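What the coordinates show
What follows is the residue order along each chain.
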Amino acid sequence: MVVMGERVDDQPGTTGDRRTTRRSFLIVSGTALATAAVGAVTGLTVNAVTGGALFREPSVQSDAEPTLAKLSGTDDDAAGELIDFLKSAGRAATIDGQYFIDSPIIVPDTLRHLTLAAGSALKVRGDHSGIARSGAIKLREKTKGAMKEGASSFTATDPGLYTADEWLLLSGANTVKNSKDKYGYLRRVTSIDGRTINIDRPLPRTINKGPRTSAVTLSPSLEIDGAGEVFNVDPKNAKKSLVTLFAVENPVVSGIEVHSNGGIGVTVAHCHGGHIDCTVRDLLDDGENYFGYAVNISGSSRDVVVNGFMTRVRHAVTTNAGGLIQGVGNAGEPEDCTFAPTARDCSNKAVDTHRLGWGITMIPNVIGGNGAVQVRADNVSVVGGSVSGVTVSGITVSADVVVPARITGVNISDVTQGTGIRARGPAEITDCLISDTPGTAVELASGSSIDGLEIRNGGSIGVRVLGNNNSVAGVRAGSATTTVVQLAPGKKGNSVVPNQGVPFLFAPLK
């Protein structure tokens, strides 16, 4: 058996310029996604993109309050005074001092814009959040019929409980396959027709085990911006998220620096929309006691965009179940979010999902660290972007994945100790470039495909096919790759379509 491949000249550099137009086309679909693309490609902030329109509220200054002015720079707890200040500030306030806080700053619903001025700091003392904003989720009723995959409505037990334009959490006891995590989805009621409740978006999964509805009261939009800091003074004894946004409409965190904690930097749980575009750094991570996620998108959050700069954290961004909800439990699956942070030197995979997550789009910009992208959720797209100088793998698709990941137009270089793309679960790989990586460029387990792959200055093996029912086509490799495709013996349903060019000998795995 002979597997054919096509040699290409090994050249320095990348095909980044060649791929820009294609990548931009792929990532610009919808307003939120387009904003993410602009931020990822140009580095513009939300403020710059909107011309400052989001941040024009007249702001009350904390240093104008005599009590706060005296507390700034001291060791005294300023939490109570800061909360009172925000309650009386109206719609916009600026914190422009350095304050120790012994309890979280709960931002009232009346405030819509909070600025941390340059040189300001909230110095968290104790295991609690620095800034928090919360709506509410309350169990409403258990429904009699199943909520079916693809459905844009469900049947209520008591339709009189519902009103148009309200938000619901639709959940039950169903779990995502290959996990114990219960899913659930944030939906707006569009209309009511008898016992039929119509919702604004189809359901991606069936809910037929104890289906229930919960009323979601979203707190009004909050924009947190500026150039100040939020950090914990004793990270080893602090695991609560420094910025916590629970059930908030379109939260924005821009410009500030969140750092030095034993837990999460920014949590977005059960939120509708939003944009996280700040710096998060120096969170503890040992994989046992500390899990320093820079941004944690959790619960039924949907349509959230994550940009920003993340360094020396476990994951720059990841997904998770939401926190425990009384009467409901843990329920929710992050949905249709865009992850496009700039990540440097993360201690684990930089751009990540846990098992929960649906329709997540990743646009990596990762340099250094212990891996770049990890896909553990279903129906994830990794589109464009670049990865360089990581150790373990450029992109890993977990064996738990059921709905294939789509990996398109990614530029991966200099994976020092591992594999360019490791598809342990199903993946559809198209038009990617892997260069200067001495290990195998791509490993496929089962149920995956390659349609377009360029390998420059790679290792001796280009693609290793380890399982069944894979297809490989359009692979081009430089002269360093002497075996373009290596097939494991005894496997079935694999298809390799040769390019025109120099043949390479089939080499079974030993």
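Everything in this summary refers to the structure shown in the same document. (Residues numbered from 1 in each chain as written. Predicted model: local features only at pLDDT ≥ 70, side-chain atom pairs only at ≥ 80, totals over all residues. Heavy atoms only, no water.)

Take the environment of D76 next. Here D76 is to be found in the loop between α4 (66-71) and α5 (79-88). Along the sequence, D76 and I101 sit 25 residues apart, while their C-alpha atoms lie 8.1 Å from each other. Discounting chain neighbours no more than four positions away, the residues touching D76 are L71, F100 and R125. (Helix = DSSP H or I, 4+ residues; strand = E, 2+ residues; numbered from the N terminus. Contact = heavy atoms within 4.5 Å.)

To continue, consider a negative patch on the surface. Taken together, the side chains of D75, D76, D77, E81 and D84 define an acidic patch exposed on the protein surface. Tracing the chain through its elements places E81 in helix α5. (Patch = residues over 30% accessible without salt bridge, like charges linked within 9 Å, V, L, I, M, F, W, Y side chains within 5 Å. Areas by Shrake-Rupley, 256 points an atom, 1.4 Å probe, with all protein chains shown as cover. Salt bridge = Lys/Arg side-chain N within 4 Å of Asp/Glu carboxyl O. Lys, Arg positive; Asp, Glu negative; His and termini not counted. Charge placed at Lys NZ, Arg CZ, Asp CG, Glu CD.)

In this section: the sheet that holds strand β14 (residues 196-199). Across the sheet, which stays open at both edges, the six strands sit in the order β10-β15-β12-β13-β14-β11 with antiparallel pairing between neighbours. This sheet does not close on itself; its edge strands, each paired only once, are β10 (136-142) and β11 (153-155). Taken pair by pair, the neighbouring strands of this sheet meet at an average axis angle of 40 degrees, ignoring direction. When strand β12 (residues 167-175) meets strand β13 (residues 182-193), the two strands line up antiparallel, connected through six bridges. (Pairing = 2+ DSSP bridges. Axes fitted to C-alpha atoms, helices over the stretch in contact; angles between N-to-C directions.)

With that out of the way, let us pick up the packing of aromatic side chains. Scanning the entire structure with this criterion turns up two aromatic pairs. Ring centres of F154 and Y162 lie 5.9 Å apart, and the angle between their planes is 70 degrees; this geometry places the pair in the edge-to-face category. On the basis of relative accessibility, which here comes to 3%, the residue F154 falls in the buried class. Ring centres 5.8 Å apart and planes at 40 degrees place the aromatic pair Y183 and Y185 in the tilted group. Exposure class is identical for Y183 and Y185. Each is buried. Taking NZ or CZ as reference, R205 lies 5.7 Å from the ring centre of Y183, over its face. Of note, K239 hangs over the ring of Y290, and the distance from its end group to the ring centre comes to 5.3 Å. (Phe/Tyr/Trp six-rings, centres within 6.5 Å; stacked < 30°, edge-to-face > 60°. Buried < 20%, exposed > 50% of the residue type's maximum accessible area, 1.4 Å probe, protein only. Lys NZ or Arg CZ within 6 Å of the ring centre and 35° of its normal.)

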